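Here is how the chains run, residue by residue.
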Amino acid sequence: MTGVAVFGAKGRMGSEVCRAVEAAEGLSLVAALDVDDDLAAAASAEVVVDFTSPDAVMRNLSWCIEHGKHAVVGTTGFTEDRLDVLRDQLAEHPGVGVLVAANFSIGAVLMMHFAAQAAAFYESVEIIELHHPNKVDAPSGTAAATARRVAAARAAAALSAPPDATTQELAGARGASVEGVRVHSVRLRGLVAHQEVLFGAEGETLTIRHDSLDRASFMPGVIAGVRAVGERPGLTIGIEQILGVG
Ligand SMILES: NC(=O)C1=CN([C@@H]2O[C@H](COP(=O)(O)OP(=O)(O)OC[C@H]3O[C@@H](n4cnc5c(N)ncnc54)[C@H](OP(=O)(O)O)[C@@H]3O)[C@@H](O)[C@H]2O)C=CC1
Ligand SMILES: O=C(O)C1=N[C@H](C(=O)O)C[C@H](O)C1
């Protein structure tokens, strides 16, 4: 049995993860912790799953790494600087694995993969991400990750900036620029997690869309991550390799 602790256990994702861990063969939920709980209650866990908040996650991960716990992290808000901090901490604890993934749903992983493949072929690209209105971060981690991958593919194909004649703009009307890719964030009651990547060339467009209609969509990826993280010391970004995508 692999002992699993969940941080953020009372949240929308954490509560679903607790149920998924309890239902998974070979996994045992040994701690379900939320804000203000003592992390020491996770002492018997082999793997910690963190779905908390961008403000809390780095402190939680420091505790995990120092205490030799592998971690599966869905919390968003990761920058390159934050990932470098994790790499440095992990270098001092070589047996520990941390998996950080902006999105654990198979469809979102495929959407990002297909977008990276398409990126070299289109002059124009923009991303629209749409989420429930309780989400605290914008743009979403998935949109930021997609934009970075699209930007890398465009750079490799020597594409210049997408055409855009805008010279007069109400602040925010053209969205945020993530490495030169425009990202627009919609927050709407009734939504869960959705994203469109729009590509355009002369006379045609291509839209790649993914919808998470229920948080159950993230659970197979989280459980696969829990099972795999102990065999992957150091930092793993995304679940592509674990799922065999790409
Ligand atoms: N990678 C993926 O596939 C997905 C990632 N996410 C990300 O997961 C994160 C959580 O999302 P969601 O579940 O919707 O958010 P919620 O706000 O519903 O849940 C977060 C929970 O964590 C608690 N919390 C805050 N700080 C701590 C702490 N230091 N220790 C333990 N618990 C803490 C919160 O308590 P309180 O409310 O009292 O502050 C809350 O109960 C977000 O960053 C989101 O973007 C979401 C969906 C999928
Ligand atoms: O907060 C959410 O709900 C989600 N957050 C992640 C993100 O920011 O990309 C993943 C998914 O979009 C749901």
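Only a predicted model underlies this, so the values are computations on that prediction, with no experimental measurement involved.

The rules behind each value
- Residues numbered from 1 in each chain as written.
- Chains lettered and ligands numbered in written order.
- Predicted model: local features only at pLDDT ≥ 70, side-chain atom pairs only at ≥ 80, totals over all residues.
- Helix = DSSP H or I, 4+ residues; strand = E, 2+ residues; numbered from the N terminus.
- Rg over C-alpha atoms; globule rule 2.2 N^0.38 Å.
- Buried ≥ 20, exposed ≤ 12 C-beta atoms within 10 Å, placed from the backbone.
- Contact = placed C-beta atoms within 7 Å.
- UniProt positions renumbered as here; feature names shortened; annotations may be inferred.
- Pairing = 2+ DSSP bridges.
- Right-handed = clockwise from strand over helix to strand, strands pointing away.
- Axes fitted to C-alpha atoms, helices over the stretch in contact; angles between N-to-C directions.
- Parallel < 35°, antiparallel > 145°, perpendicular 65-115°, else oblique.
- Left-handed = near helix turned anticlockwise from the far one by under 90°.
- Nonpolar A, V, L, I, M, F, W, Y, C, P; charged D, E, K, R; others polar.

Enquirer: Before we move on, could you go through the overall build of the chain and cite the residues and values that matter?
Expert: Along its length, the chain carries seven helices and eleven strands. Here the C-alpha atoms of the chain give a radius of gyration of 19 Å, agreeing with the 18 Å that 2.2 N^0.38 yields for 246 residues. If you line up the chain on its principal axes, its C-alpha atoms span 60 × 40 × 30 Å. With 246 residues in all, the chain has 38% of them scored as buried. Residue pairs in contact within the chain that sit at least 24 positions apart in sequence constitute 72% of those at least 6 positions apart.

Enquirer: So what about the UniProt feature "binding site: (S)-2,3,4,5-tetrahydrodipicolinate" (unreviewed entry) in the chain? Which residues, and what values?
Expert: According to UniProt, the feature "binding site: (S)-2,3,4,5-tetrahydrodipicolinate" (unreviewed entry) maps to His132, Gly141 and Thr142 in the numbering used here. You can see Gly141 is positioned in helix α5 (residues 141-156). Overall, Gly141 belongs to the partly exposed group, with 19 C-beta atoms counted inside 10 Å. The contact partners of Gly141, leaving out residues within four places of it in the chain, are Thr76, Gly77, Phe78 and Ala102. Looking at the secondary structure, you find Thr142 in helix α5.

Enquirer: Explain the pairing of strand β1 (residues 2-7) to me, using residue names and the numbers behind them.
Expert: Within a regular beta strand, the side chains point alternately toward one face of the sheet and then the other, so they alternate between its two faces. The sheet contact formed by β1 and strand β2 (residues 27-33) spans six bridges and is parallel. In the strand pairing of β2, Thr2 is matched with Leu27. What joins β1 to β2 is helix α1 (residues 12-23), and the crossover it makes is right-handed.

Enquirer: Give me the packing of helix α4 (residues 106-118) against α5: which residues, what numbers.
Expert: Contact pair α4 / α5: the axes reach a minimum separation of 8 Å and the direction vectors enclose 25 degrees. Between α4 and α5, the angle is such that the two are roughly parallel. By crossing handedness, the relation of α4 to α5 is classed as right-handed. Contacts between α4 and α5 pair Ala108, Met112, Ala115 and Ala116 from the former with Thr142, Ala145, Thr146, Arg149, Val150 and Ala153 from the latter. Looking at the contact of α4 with α5 residue by residue, the class counts come to seven nonpolar, two polar and one charged.

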